[in-house]
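Observations on the model geometry
One-letter residues, chain by chain:
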Amino acid sequence: MNLICESNQLADYLSESDVIDLQHPSIQAAAQRLHSGHNDEQAIVKAAFEFVRDEIDHSWDIQGSIVTRAASEVLQHRQGICYAKSNLLAALLRSLSIPTGFCYQKLTLGDTPDTGYCIHALNAVYLHSLQRWVRLDARGNKEGVQAEFSIDEEQLAFPIRSHYEEIDYPVIYTEPNVKTMDTLANNTDVLTMYLNRLPTDL
């Protein structure tokens, strides 16, 4: 896929916001822990990706009830859906001056179209060593889902099934999609939200 940057300024992919609260002490501390022992850019990105993928639970997988939104909340509660987990990965990497954006897919909520559709969030990271963007999906692995750090062929959580009218959006956004953030802000029970209130399009 040919990725399209929303902005041609890498600095726009380093900004802070209320949900990408990269100056929060807990985010700063976590980023420094991930950075220590890794001098290579790719190793740092891989460590951050695997931390969010493996150490932060996907709320649906654990049948949690807490809706997290800001990166520091996700880190504090150690859980979140893909919208929240992508905020955390962006905050960790941006705090280390590694440009990180947001990408989206339209997927079936279950395995087939009759279950409805939802928007899924992932990240794109600019690797200076390669002078290009790499997409990473820190949703969290489980049976049937195996996302990996890869600089060659993408290994995302969900392959797009065009015959089900799923969509892989090519744009790398500088900030999280408003609909996804409003969903997190306006719900208090993650299970009800996940089943009934996720946005179905951008």
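Residues numbered from 1 in each chain as written. Predicted model: local features only at pLDDT ≥ 70, side-chain atom pairs only at ≥ 80, totals over all residues. Heavy atoms only, no water.

Turning our eyes to something else, we now look at the environment of Val67. Here Val67 is to be found in the loop between strand E2 (57-58) and helix H3 (71-77). On the basis of relative accessible area, Val67 is assigned to the buried category, the value being 18%. Through-space distance from the C-alpha of Val67 to that of Lys179 is 15 Å; in sequence the pair is 112 residues apart. The contact partners of Val67, leaving out residues within four places of it in the chain, are Leu184, Asn187, Thr188, Asp189, Val190 and Met193. (Helix = DSSP H or I, 4+ residues; strand = E, 2+ residues; numbered from the N terminus. Buried < 20%, exposed > 50% of the residue type's maximum accessible area, 1.4 Å probe, protein only. Contact = heavy atoms within 4.5 Å.)

Take the side chain of Gln105 next. Along the polypeptide, Gln105 turns up in strand E4 (residues 100-108). Among the polar contacts made by the side chain of Gln105, one reaches the main-chain carbonyl oxygen of Phe158 at a distance of 3.5 Å. Leave out the neighbours within four places in its chain, and Gln105 touches Cys118, Ile119, His120, Leu122, Leu156, Phe158, Ile160, Ile167, Asp168 and Tyr169. (Polar contact = N/O pair within 3.5 Å; in protein donor to acceptor, adjacent residues only side chain to side chain.)

With antiparallel pairing, four strands are arranged side by side in an open sheet as E6-E5-E4-E7. The sheet terminates laterally at strand E6 (132-136) and strand E7 (167-168), the two strands that pair on one side only. Here two bridges tie E4 to E7, and the two strands are oriented antiparallel to one another. When the bridges of E7 are listed, Gln105 appears paired with Asp168. Packing against the sheet, helix H4 (residues 82-95) makes contact with E4 and strand E5 (117-127), and its axis sits at approximately 10 degrees to E5. (Pairing = 2+ DSSP bridges. Axes fitted to C-alpha atoms, helices over the stretch in contact; angles between N-to-C directions.)

Looking now at the environment of Glu73. Summarising the element assignment, Glu73 is placed in helix H3. Under the relative-accessibility criterion, Glu73 is labelled partly exposed at 33%. Taking the C-alpha atoms as reference points, Glu73 and Ile167, separated by 94 residues in sequence, lie 29 Å from one another. Polar contacts involving the side chain of Glu73 include one to the main-chain amide nitrogen of Arg69, which spans 2.9 Å.

Looking now at the pattern of salt bridges. The final tally for this structure, using the stated rule, is eleven salt bridges. Arg94 is the salt-bridge partner of Glu175, the closest N and O atoms lying 3.6 Å from each other. Placement of Glu175 in the loop between strand E8 (171-172) and helix H5 (178-185) and of Arg94 in helix H4 is noted, with a sequence separation of 81 residues between them. Residue classification places Arg94 among the buried positions, given a relative accessible area of 3%. Arg135 is paired through a salt bridge with Asp168; the nearest N and O atoms lie 2.8 Å apart. Of this pair, Arg135 sits in strand E6 while Asp168 sits in strand E7, and the two are 33 residues apart along the sequence. When its relative accessible area of 3% is taken as the criterion, Arg135 is described as buried. (Salt bridge = Lys/Arg side-chain N within 4 Å of Asp/Glu carboxyl O.)

Attention shifts here to the nonpolar core. By size, the foremost hydrophobic cluster in this structure holds 49 residues, and its most contacted members are Val45, Ile81, Tyr83, Leu88, Leu92 and Leu184. A total of nine residues in this core trace back to one element, the largest contributor, which is H4. Beyond its immediate chain neighbours, meaning those up to four positions away, Ile81 contacts His58, Ser59, Leu184, Val190, Met193, Tyr194 and Leu198. Residues Cys103, Leu122, Ala124 and Trp133 belong to the second largest nonpolar core, which totals eight residues. (Core = buried A, V, L, I, M, F, W, Y, C linked by side-chain atoms within 4.5 Å.)

These values are about where atoms sit, not about what they do.
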